[in-house]
Structure formats: structure tokens, C-alpha cells
Protein chains: 2
Amino acid sequence: MRNVTIKEVAQAAGVSTATISRVLNKSGYVSEDVRHRVLETVRQLNYRPNAVARNLKRERTHCVGLILPDMRNPYFMRLAREVQALLSVRNYHILYTDSGADAARERSAINFMLENRIEALVIAGMGKNADKLREVQDRGVPLILIDRRVNNVESDIIIEDNRGAAERAVKLLVDKGHRKIGILCGPAGISTADERREGVQAALERAGLSPADMFWYSGDFSRSSGREAARQMHRLLEPPTAVFSANNEMTFGLYLGLKEMGQPLDFWEVASYGELEFAPLFANRLAYVRQNPEALGRTAAELVLERIGGADRGIGLLEQIVLTPDIVCM
Amino acid sequence: MRNVTIKEVAQAAGVSTATISRVLNKSGYVSEDVRHRVLETVRQLNYRPNAVARNLKRERTHCVGLILPDMRNPYFMRLAREVQALLSVRNYHILYTDSGADAARERSAINFMLENRIEALVIAGMGKNADKLREVQDRGVPLILIDRRVNNVESDIIIEDNRGAAERAVKLLVDKGHRKIGILCGPAGISTADERREGVQAALERAGLSPADMFWYSGDFSRSSGREAARQMHRLLEPPTAVFSANNEMTFGLYLGLKEMGQPLDFWEVASYGELEFAPLFANRLAYVRQNPEALGRTAAELVLERIGGADRGIGLLEQIVLTPDIVCM
DNA sequence: TTGTAGGCGTTATCAA
DNA sequence: TTGATAACGCCTACAA
């Protein structure tokens, strides 16, 4: 059973292709009689319209691009799932790519999506492709930054109050009396990492503590960098009594590191930006910033629909939506 | 900057569209002179070919469909990532859908992919859409079942030895002297669940134990069903001393349930089909079947390329690849 | 109520 | 070495 074209269906049903199209798209008049005959033929030949051709003709694809740094991070996947769920209700589909936190791959993903004429792009970017993202906008494709800012790109954006939440998280540690804190930062250039670092600084300053007294570790948001940080901190003559970790994966790595070194998991008081879903099982000295990736995803999806919906695309009415996560102590 | 067409580029460069196409596709002869002029114009106009049109003309899309039941389950995402990584090297892209473990959504995803003329479909199916999957094959689209069988579908398939691994896992419990075991099964109809249940039966029989003496719980592979199972087992007059759980999420739920009930996490000796990446942090009475989703994904991707590559599509040379996972005791 | 025909943006065949 | 031109499969004025 090869794929059948609309022409063949038309021939078999003894009508014109226009009629087939009208029946299938419920557009224009067509007699009940003919309608049934067409539908029956369609069924018999198992006709399935070629979306590629339709997209070319209609100049719309009903596809939305989604680019995220890591498929394996539950935070992003919870976000992605929500985007997909909402868009699929409106019959939009997702072209999804995992950039692997690699700017070059991100770039080529954007190119691919552009060539495939996605109708909107949602991206948690690596911050290195501002030019590409501006190109997306220039081509009239609504761009929605999510989770992360990108320098030199003016766009709709949905993020968290990273700075504020990080500040509150560190304040929590300070209030408990900790004076020597390990700070696990994310990679410079990623806005979430930068803003969380600012938040940390702010908290320290307000508490009258000197940043120089802290142990700063520059990680890359990966599990292994958290693990490495744990090792290094543990080796110090005067190890910190508490740790702030800038994302969920590094926090996980931190605990893995402790375990490997044979230390108890409550060796440090920990404040984590981002949740470990399994933390309730073992953590008793952990506070975390509870993010809401579903809310981010949902908001993004709604914004996509609004932008695609074709409201006026004037400039200056860009949305900047900032969600405020709360902090949970275990 | 609206999207520019090949015609406009041709006009601007003072050549025909054919020449532009030849330059861009490096097909056919074109003088160095003209080539440079064309490339320069392309750059200036920021021309980006329309893949939709190209796909229509070439009758291939370079897209492969991937349908999995749950984006949030790390097992599937590790698999997905590997598929994507390998295919993207060969310039194939992925149309990815999360079926949400819902047969109807799975069905409509398949339809969408069919209309978009994917060149192959990789699916961990819900087992209810055999007819659809056969349609996929009938249309000449290579079908690769992954992780799960589907009744009444003959196809390339890449799975694990679910039965054998489950049997070994339960044997482990029996060998440790457990005589009353809680068995958390997955939903009937999903081949992995069914085969794992068979493995359990086999292990019990060989050990001369009566299945009737065990506590059977029929879950749905979800976290919450594991949690519920924990509650029910705990309520029994004579609770089991060990538990076998048929997948990672239910195992997680099991531990969450214990925690909620204020029980220690080593309350039961546990054997889990599937890994909990965070288990090292707290589990001391856990054995698990270590699956290898990356291997599944890699194998699937290679098979896709082979099938697309257009080797003869005779019948009877279907691949059935069975991976044998090992069992890890913590 | 239905049919004809042009065109969406490419690629590829054939001439020139 | 290049240029017309006919598809690819569908939709949609415009006619009838």
C-alpha cells in the first residue's frame, strides 16, 4: 500500500481534487451525496494527506520548535512535557532538540528549524547565539526565551526570579549561623548561573559576610562537577559547614561525592537551587528552591499560541514574565 | 527580513534558479566565477532554503519519528538522547512525541507522523495500536519497536530479556531466604510488564514456592502505584519480607511510601527491575536490573539508518535484538 | 454545488 | 556550463 495522492482519490471517486479537498477540510459546499462517496473512497484507499504538500501550499507548518540543553534533566523534561501537552490540544506539534549544552549544536538546531519553517521557537539558550536568535525574529518567527536570558536579544521571556530566590536560599544558611559556606556556581554566561551568583553575593553582603571567606567553586551545572566540588571542599583545612548549589544536578553530585567519600549525607547543611525529587528519602539538612517547570512550560505554550494567533506583532509589547519560586526546608 | 525564495536570489545574482540550486547542493557543474557570485548573494540576502518545498520535491523529509510513553522517566530520555545523537550525525532529525502512556494519543501521534512523511518510526508502544503500526509498515515506513513488543505486529524489534532478568532478580530474593514476597506488576498488555511477571512466576516455581503465598499488586508503572502498593503491603497481617518491583518508577514510589509511613527505607529487601540513579545515596537492601537504555537507543538508531539506507526490504530478514541486562546488588 | 487551473519553493531533466 | 520547465501534492480563487 503505497501512499495515495489526492488525484488518485479524485479519480477513484469520480470527482475533482477540489472536491476531495473541500470534503476533507470541511471548507466550501459539497452535497451530502458526494461527501459520502468521497469519504468512502478515502477510507477504501486509505488516503492520508501529505502534510508536506499542504504545509507548502498553506505556508504554515503547525510546528513549534523547542530547544533545551538536556533531555535527561527532569526539570527540563517536566517543562517540555507541559509545552507539548498544551500545544497538542491546539493541534500544534513540537520539533524538539536537545542541544547538549553545546552552542554549536544549538545553532544548527535553530537552522534546521528555520528551514523547516517552524511557527515559533521556544528556547532555553546557551547564550552564545544571539545573532541566530535575532535572525529568527527578523524572519518573523515569534521567539520565546524560557528559563534563561540571552544577552542582546529582546524577546518575550519567561524566567524565574533567580537572583531573589538564590539570595533567600543563602540567607537561610546564614540565619542558621553558618559563616563559612561553599558556593557551587554554574557556568558563567548562562543567565541563570550569573543571576544566582549575584543573589548569593547580595545575601552575603547583607549579612556582612565577606565573599572572600567562602569557598567558591565554578561548576558547569553537571552532576560530575558537583561531585568534584564535594571532594575539593572536603579536602580543605577548614571546610565549609554549609553549601549552596546553583542547580539540581550539582546538588545531586554533591551528595554522590559525600557518599563516595564515606561521609554522612548530612555532613553539610545544603541549600539547593532546584529540587531533587528523591530528596525526601534521605535529606534532613536540605533546603531547596522549588522551581515550577510546569508553570514555565504552560506559560510558554500560552504565549506561543498568542503570538502565533497573529495578534499584532508590534514592537514594545514584549512580555517579560518572572515567576517567583518558593523555598522549601526539609 | 522576510524569507527570501530561490527565485529572488536567482534574480539578484543574475542567474537561474537551477544554478542557485546547483551551487547550494553542490550538484552539477558551475563555474567558480558564478559560484562565488551566487554564494555572495545568498549571504547578502540571508537566503535560507525552504525545507518544506525541498522535502516535497525530493519526497524525503530526513525526519524520523520517535514515540515514547513518558518524557519524565529518565530511562526513556536516556534512550531518546542516544537516538537523537546518532541520527543527527547523519543529518536526520527527530519528531518526538510523548504518548503519555495513552493509546489514543499514541495513535494520533502516529497519524501526524505519517502525514508528515517520516522516514522511519521508532516506538515503545502501548500495545493497542497494532493496526496503525501495520499501516506504518504497509506504507513502506520502516518500523522499529523498542523496549516493548506489540502483539500482531511483525517488525524489527530491540528489547531486553525481560523474563530472564526478572527471574534472576526474584531468584536473588528467594536465595536470601525470603518466602513471602510482594510482587509489584506493571499493567497487563504492556509486553515488558507481562514478561517480567512471567519471569517472576518462573522463579517462584523453580524455588518450589507457591505464587498464592505472595502478595501480588497490579500497578501501572507509575510512582503513585508504587506508593499505594507500599501502603497496602504494610497493612497486611503478615507483610512480605521482600519486594520485587517491575519498574523504576514503582520502586521509587515504594520508597516514598515507606518514608511517608515513617518506616526505614530498608524495611524490605527490594529487587527492582530498573535502576534508581539516586539509590546509592540511601539503599542498602536493594538489587536492581541494570538496564541499558543507551544501548537500546544506539541499536535503534543504527537499525534506522540501515533500513532507511535502502537495503532491500525483503520480508523475513527482520531483526530481533535481545539485550541481556545484568543485575546489581548494592 | 462542482471543476479548472495556477501556484506554494524546490529539484532535476533536458536542451542549448 | 547554464537556463527553461515540468513536476512534487495540495489548496483555493475563479468559473461554470
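Note that this is a predicted model, so its numbers are computed, not measured. (Residues numbered from 1 in each chain as written. Chains lettered and ligands numbered in written order. Predicted model: local features only at pLDDT ≥ 70, side-chain atom pairs only at ≥ 80, totals over all residues. Heavy atoms only, no water.)

When the UniProt feature table is mapped onto this chain, "domain: HTH lacI-type" (unreviewed entry) is found at residues 4-58 of chain A. Along residues 4-58 of chain A the backbone is 71% helical and 0% strand, and the end-to-end C-alpha distance reaches 20 Å. (UniProt positions renumbered as here; feature names shortened; annotations may be inferred. Helix = DSSP H or I, 4+ residues; strand = E, 2+ residues; numbered from the N terminus.)

Right, let's talk about the interface of chain B and chain A for a bit. Tallying the contact residues gives 54 residues for chain B and 54 residues for chain A. For the pairing of chain B and chain A, the buried interface totals around 5300 Å² over both sides, and the portion due to carbon and sulfur atoms is 55%. Of all residues in chain B, Arg48(B), Arg139(B) and Leu281(B) give up the largest surface area on contact with chain A, accounting jointly for 16% of the area buried on that side. Between chain B and chain A we count twelve salt bridges in total. Of the charged contacts, one joins Asp70(B) and Arg81(A) as a salt bridge, the two residues approaching to 3.3 Å between their closest N and O atoms. Summed over the shared surface of chain B and chain A, the number is 21 residue pairs in polar contact (both at pLDDT 80 or more). Taken together, the residues of the side of chain B that touches chain A sort by class into 25 nonpolar, eleven polar and 18 charged. (Contact = heavy atoms within 4.5 Å. Buried area = accessible area lost by both parts, 1.4 Å probe. Salt bridge = Lys/Arg side-chain N within 4 Å of Asp/Glu carboxyl O. Polar contact = N/O pair within 3.5 Å; in protein donor to acceptor, adjacent residues only side chain to side chain. Nonpolar A, V, L, I, M, F, W, Y, C, P; charged D, E, K, R; others polar.)

One finds Phe244(A), Tyr255(A), Phe244(B) and Tyr255(B) to be the most contacted residues of the largest nonpolar core, which totals 98 residues. Those residues in contact with Tyr255(B) that sit more than four places away from it in its chain are Leu281(A), Leu265(B), Val270(B), Leu276(B), Phe282(B), Ala283(B) and Leu286(B). Formed by 54 residues, the second largest nonpolar core is a distinct cluster that contains Ile146(A), Leu66(B), Tyr75(B) and Leu87(B). (Core = buried A, V, L, I, M, F, W, Y, C linked by side-chain atoms within 4.5 Å. Buried < 20%, exposed > 50% of the residue type's maximum accessible area, 1.4 Å probe, protein only.)

Every one of the 25 residues lining DNA strand C counts as a neighbour, but Thr19(A), Ser31(A), Val34(A), Ile6(B) and Tyr47(B) are closest to it. Within 4 Å of the protein, the contacting atoms of DNA strand C are 62% sugar and phosphate, with bases supplying the remainder. Take Arg22(A): an N or O atom from its side chain is 2.9 Å from a base nitrogen of DNA strand C. Ala53(B) places a main-chain nitrogen or oxygen 3.5 Å from a base nitrogen of DNA strand C. Among the secondary structure elements, those contributing two or more residues to the surface near DNA strand C are helix H2 (17-25) and helix H4 (51-58) of chain A together with helix H2 (17-25) and helix H4 (51-58) of chain B. The biggest single contributor to the surface near DNA strand C is H4(B), with four residues. (Near = heavy atom within 4 Å.)

All names here are of chain B. Phi is positive for Asn46, close to 55°, though the residue is something other than glycine. Secondary-structure assignment places Asn46 in the loop between helix H3 (32-45) and H4. Using a relative accessible area of 24% as the deciding quantity, one classes Asn46 as partly exposed.

The operation relating chain B to chain A is a screw motion whose rotation component is 180°, with 0.0 Å of axial translation and a residual RMSD of 0.1 Å. Considering both components of the superposition, the chain copies are consistent with a two-fold axis. Taken together, the interface assignments show that 100% of the residues at the interface of chain B recur at the interface of chain A, consistent with an identical surface on both copies. (Least-squares fit on C-alpha atoms with pLDDT ≥ 70 in both.)

A separate point is helix H12 (residues 293-308) of chain A. Along its 16 residues, H12(A) runs 22 Å from first to last C-alpha, staying within 8% of the 22 Å computed at 1.5 Å per residue. In terms of residue burial, H12(A) counts as a mostly covered element, since 13 of its 16 residues are buried. (Expected span 1.5 Å × (residues − 1).)

Turning our eyes to something else, we now look at the protein's contact with DNA strand D. The immediate surroundings of DNA strand D are formed by 26 residues, with Ile6(A), Tyr47(A), Thr19(B), Ser31(B) and Val34(B) found nearest. Within 4 Å of the protein, the contacting atoms of DNA strand D are drawn from sugar and phosphate to the extent of 65%. Contacts to DNA strand D include Ile6(A), whose backbone N or O atom sits 2.4 Å from a phosphate oxygen. Backbone polar atom of Ala53(A) to a base nitrogen of DNA strand D: 3.4 Å apart, as the coordinates give it. Broken down by secondary-structure element, the contributors of at least two residues to the surface near DNA strand D are H2 and H4 of chain A together with H2 and H4 of chain B.

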